[in-house]
Amino acid sequence: MKRPLRTLGIVLALGVPVAAIAADHGDSPTASSTNEPTADITDLYAWMTADADKLNLVAAVYSDAPTNAAFSDAVIYQFAVSSSNTFGTDQESTLITCKFVDGTNIECWAGDDYVVGDPSDTDGIVSDNGGLRVFAGLRDDPFFLEYQGFQNAINLANGAAGSLQFDANGCPSVDAATSQALLGALTHGNDNAPPTNTFAGQNVLALVIQVDKSIVDGGGPILGVSASTYAAN
C-alpha cells in the first residue's frame, strides 16, 4: 500500500446540512519532500445538501497557489467515506478516487460511478447516471485565519499550561477568565486590533465532489470523511 503524501479527516451525520471542516495550511513533510505542492492538502470540507440526498466534498491543495497553478497528473486524489449506524461501531468504507490523465482532463470513480473529462466548468462533469459530479480548478482560499491572534493564543495557552488541571480524557479545565482571554486573542491581532485574514487574496486548487448518499451510506447514517494524496507512480 502506498504511503499517503497528505491526509485530513472529519466526521458528520447524514441529514444534518452543517459543514464539517479540517484544515492544515502547514506543509506536510512527505508532500514537501516530493516538491509537489498540488499534493499538499490545505483544507477538507464536507456537508450534506439541504435535502440530505447528496454529500458535498472539497479538498483544497497548494496553499497560496499562483494564478497559473494546475493540478498534477503525478498525484492521485482520494476521499475515503466510512459509514456506520452509530459512533464506535463497525464501518463500511467507500473510496472516491480521482486522477488527472493530462493537463486538462480528470477521471474519478465512486462505487460503480465513473466520470472523465474537463472539470473546469463550474457546473462540473457528471457520471452517466448522475450519481457523481466533479469540479476542479483555482479558487480563492476560503479558510479564515488571524495568524497573529493564533500565535498570541498559543503563547497564552503555553503560559497557563503549568496551572491547568486535566481530566481522565486529557482535556484541560479552563476557567472563564482564561477562556475569554484565549477567545479574545484568537479573534484579534496585536493590541486588540480588529482581525484580519492572513489568507486574504491567496488561492488554492479545489477538487469538488458531489456524490449521491446512496453510494456512500451503506453502513449507516454516520459518515467519516478523509482526504489523501498519493504519488501516481
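Since the structure is predicted, the reported quantities are computational estimates derived from the model, not experimental observations. The residue count restarts for each chain, going from 1 along the sequence in the order it is written. Restriction of local features to residues with pLDDT of at least 70 applies here, the model being predicted, together with a cutoff of 80 or more for giving and counting side-chain atom pairs; totals for whole chains, interfaces and linings are based on all residues. Side-chain figures throughout are based on the complete set of non-hydrogen atoms in the structure, without hydrogens or water.

## What to know about the packing of helix H2 (residues 147-160) against helix H3 (residues 176-186)
- Axis separation between H2 and H3 bottoms out at 7 Å; the angle between their running directions is 155°. With respect to each other, H2 and H3 are oriented roughly antiparallel. Contact with H2, carried on its side by Gly-149, Phe-150, Asn-152, Ala-153, Leu-156 and Ala-157, involves Ala-181, Leu-182, Ala-185 and Leu-186 of H3 and no other residues of that element.
- For this classification, Asp, Glu, Lys and Arg are treated as charged, while Ala, Val, Leu, Ile, Met, Phe, Trp, Tyr, Cys and Pro are nonpolar and the rest, including Gly, are polar. For the contact of H2 with H3, the per-class residue count stands at eight nonpolar, two polar and no charged. Only the contacting stretch of a helix is used when fitting its axis, a line to C-alpha atoms as for every element, and angles between N-to-C directions run 0 to 180 degrees. By the criteria applied, helices consist of DSSP H or I runs no shorter than four residues and strands consist of E runs no shorter than two, each listed in order from the N terminus. Here the word oblique covers every angle except those under 35 degrees (roughly parallel), over 145 (roughly antiparallel) and from 65 to 115 (roughly perpendicular). Note on definitions: a residue-residue contact is assigned when non-hydrogen atoms from the two residues lie within 4.5 Å.

## A short note on the state of the cysteines
- Cysteine sulfur pairs qualify as disulfides if the two atoms are within 2.5 Å. Counting across every chain of the model gives one disulfide.
- Note on cysteine connectivity: Cys-98 is disulfide-linked to Cys-108, with sulfurs 2.1 Å apart. The sign of the 115° torsion about the S-S bond sets the Cys-98-Cys-108 disulfide as right-handed. In this pair, Cys-98 is assigned in strand E6 (residues 92-100) and Cys-108 in strand E7 (residues 106-110), connecting sequence segments ten residues apart. Considered together, Cys-98 and Cys-108 belong to a single accessibility category, that of buried residues. For every residue, the accessible area (1.4 Å probe, protein chains only) is compared with the maximum for its type, and the residue is labelled buried under 20%, exposed over 50%, or partly exposed between those bounds.

## Quick word on the side chain of Ser-84
- For Ser-84, the position within the fold is in strand E5 (residues 75-84).
- Any N or O atom pair separated by 3.5 Å or less is treated as a polar contact, with the protein-specific requirement of one donor-capable and one acceptor-capable atom, and with residues adjacent in sequence counted only for side-chain atom pairs. At 3.1 Å, the side chain of Ser-84 and the backbone oxygen of Thr-86 are in polar contact.

## Describing unusual backbone geometry
- Positive phi, close to 70°, is recorded for Tyr-62, a residue that is not glycine.
- Mapped onto the fold, Tyr-62 is located in the loop between strand E4 (54-61) and E5.
- Of note in this structure, Asp-191 is not a glycine but carries a positive phi near 55°.

## Comments concerning the pattern of salt bridges
- For this analysis, a salt bridge means a side-chain nitrogen from Lys or Arg found within 4 Å of a carboxyl oxygen belonging to Asp or Glu. Taken as a whole and assessed by the stated rule, the structure comprises one salt bridge.
- One salt bridge in this structure joins Lys-54 and Asp-212, with 2.4 Å as the shortest N-O distance. Residue Lys-54 is found in strand E4, and its partner Asp-212 is found in strand E13 (residues 203-212); the two are separated by 158 residues along the sequence.
- Overall, the relative accessible area of 25% leaves Lys-54 in the partly exposed class.

## Some thoughts on a negative patch on the surface
- On the surface, Asp-73, Asp-102, Asp-118, Asp-121 and Asp-123 cluster together into a negatively charged patch.
- Here Asp-121 lies in the loop between strand E8 (113-117) and strand E9 (125-126).
- Residue classification places Asp-121 among the partly exposed residues on the basis of a relative accessible area of 44%. Patch building starts from residues that exceed 30% relative accessible area and form no salt bridge, then joins like charges within 9 Å and nonpolar side chains (Val, Leu, Ile, Met, Phe, Trp, Tyr) within 5 Å. Note on areas: Shrake-Rupley, 1.4 Å probe, and residue coverage restricted to the protein chains presented here. For the purpose of counting charges, residues Lys and Arg are taken to be positive, whereas Asp and Glu are taken to be negative. His and the chain ends are not included. Note on charges: their place is set at NZ of Lys, CZ of Arg, CG of Asp or CD of Glu.

## Looking at the confidence of the model for the chain
- Averaged over every residue, the pLDDT of the chain is 85; residues scoring 70 or more account for 85%.
- Every residue gets a pLDDT, meaning the predictor's confidence in that residue, from 0 to 100. Note that pLDDT drops below 50 for residues 14-18; the model gives that stretch 14 contacts with residues more than four away or on any other chain.

## What about the packing of aromatic side chains?
- Any two of the Phe, Tyr and Trp rings considered here, Trp counted by its six-membered ring, make a pair once their centres fall within 6.5 Å; the pair's planes then place it as stacked at under 30 degrees, edge-to-face at over 60, or tilted in between. Overall, the coordinates contain three aromatic pairs when judged by the stated rule.
- Seen from their ring centres, Phe-71 and Phe-100 are 5.0 Å apart, and the 10° between their planes marks the pair as stacked. Highlighted residues: Phe-71 in the loop between E4 and E5 and Phe-100 in strand E6, separated in sequence by 29 residues. Like Phe-100, Phe-71 is buried.
- Pairing Trp-109 with Tyr-114 gives two aromatic rings, centres 5.4 Å apart and planes at 45°, and the pair type is tilted.
- An aromatic cluster is defined as three or more aromatic residues linked by ring pairs; in this entry it consists of Phe-71, Tyr-77 and Phe-100.

## What to know about the nonpolar core
- Among the nonpolar cores identified, the biggest contains 37 residues, and Leu-57, Phe-79, Ile-96, Val-134, Leu-207, Ile-209 and Val-211 are the most heavily contacted of them.
- What Val-134 contacts, discounting residues up to four positions off in sequence, is Ile-106, Cys-108, Val-115, Pro-119, Gly-124, Ile-125, Leu-207, Val-208 and Ile-209. We call a set of buried residues a nonpolar core when its members are Ala, Val, Leu, Ile, Met, Phe, Trp, Tyr or Cys and they connect through side-chain atoms within 4.5 Å of each other.

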